[in-house]
Amino acid sequence: RGTSMAINRAMLMRQPHRLFSAPAVTEIKKVGMVGLGLMGHGIAQISAQSGYEVVAVETNQAALDLGQKRIEGSLEKIYSKLAAKGKLTEDEAAAQKSDALSKVVYSTEMEALADCDLVIEAIIEDVGIKLPFYENLGKTVKPGAIFASNTSSLSIGIMAEASGRADRFVGLHFFNPVQLMKLTEVIRTDDTDPKVFELCHEWTKSVGKVGVSCADTPGFIVNRLLVPSLAQAILFVERGDATVGDVDLSMQFGAGHPMGPLHLADYVGLDTTLSILQGWVDNFPDEPAFIVPESLKAMVAAGHLGRKSGQGFYHWEGDKRLGPASESDDKVAA
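A brief report on the enclosed structure follows. (Residues numbered from 1 in each chain as written. Predicted model: local features only at pLDDT ≥ 70, side-chain atom pairs only at ≥ 80, totals over all residues. Heavy atoms only, no water.)

The subject of this paragraph is the layout of surface pockets. For the second largest pocket, the calculated volume is near 460 Å³. The wall of the second largest pocket is formed by 15 residues, among which Gln45, Ser74, Ile78, Gln179 and Leu180 lie closest to the centre. At the level of elements, α2 (40-49) and α3 (61-84) are the ones that each hand at least two residues to the lining of the second largest pocket. If one sorts the elements of the lining of the second largest pocket by residue count, α3 sits on top with five residues. Residue composition of the lining of the second largest pocket, by class: six nonpolar, five polar and four charged. (1 Å grid on protein atoms, 1.4 Å probe; cavity = no way out; pocket = protein on both sides within 12 Å on 5 of 7 lines; lining within 4 Å. Points joined across faces, edges and corners; volume = space filled by probe spheres on them. Helix = DSSP H or I, 4+ residues; strand = E, 2+ residues; numbered from the N terminus. Nonpolar A, V, L, I, M, F, W, Y, C, P; charged D, E, K, R; others polar.)

Right, here's the structure in full:
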């Protein structure tokens, strides 16, 4: 974390500079996807469904096989439903699924990305891993290619600088599940070429997403508004001002949210929520909106991570949320 803090603070103080070492591509035909986890496999899938050639890359064969299985399983589910609902015939569904599958090439070698026009990264959220990754990627992929990170909380600027092509670097933050969520945040830095930024917006639209623009600010738009609100909900319970159930019911029926903030924190993962908040507090100590509840630290330390561990603010059975974990909290959000 100390290295991350130093890097981020250094980036905050640096002066903007544009690096036009090579002209950027003017058309995106071939998309590279590095990391085929929950987010990456979805991005690769929608790219293929939208007619793009896709090079899907993972670090090892086991991860690659899992990513391929996810893509194939998701496409099977989507086209089976379309056929079952009569929106496509069985033959049309089979043909469209086959076409999408044929667009994807799988590899464990970074060199396979060499001639991609756009390379999107969705690897582990660790700046110490991402920086050397982008240093290597910048040396491997053709000079005009555009790079994009799917990070939800890390600085785009530090990765852009590491890549050696800061003018051809953006953030493309998708939301989970990628196949269903319509929003994509398109993030620019002070160095991003406006033409590159516009091209990435056009590509986002072409894969069926609604793109919103944002500067390289902590958390971008959604998480910058959402995660501090989760912290405030946790503090409500921590202070004893309201129960878990009442906090969630209030935001569901008073603000029209589909689920309450504590339910959402459990679903996302309390460890993930803690990691985002702690990173912001470490790197932006003067920002009053960034705070880490002590009860959140205690729950994560105890292994109560929410849905993924079976207990957080609620008890869970797989993806099914049960009652509140606190015995004194007998009101359950709908």
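Attention now moves to the state of the cysteines. Covalently bonding the sulfur atom of one cysteine to the sulfur atom of another cysteine gives a disulfide. All told, the structure shown has zero disulfides when counted by the stated rule. With no disulfide of its own, Cys116 has Cys200 as its nearest cysteine by sulfur position, at a separation of 14 Å. Taking the relative accessible area as the measure of exposure, Cys116 reaches 0% and is therefore buried. Given the relative accessible area of 0%, Cys200 is considered buried. (Disulfide = S-S within 2.5 Å. Buried < 20%, exposed > 50% of the residue type's maximum accessible area, 1.4 Å probe, protein only.)

On to the nonpolar core. Leu118, Ile120, Leu172, Phe174 and Trp203 are the most contacted members of the largest nonpolar core, which has 38 residues in total. Leaving out residues up to four positions away in the same chain, Ile120 has contacts with Val31, Gly32, Met33, Val34, Ile43, Ala148, Leu172 and Trp203. The next biggest cluster of nonpolar side chains, apart from the first, holds 26 residues, and it includes Val141, Met159, Ile187 and Cys214. (Core = buried A, V, L, I, M, F, W, Y, C linked by side-chain atoms within 4.5 Å. Contact = heavy atoms within 4.5 Å.)

Worth remembering: the numbers are spatial, not functional.
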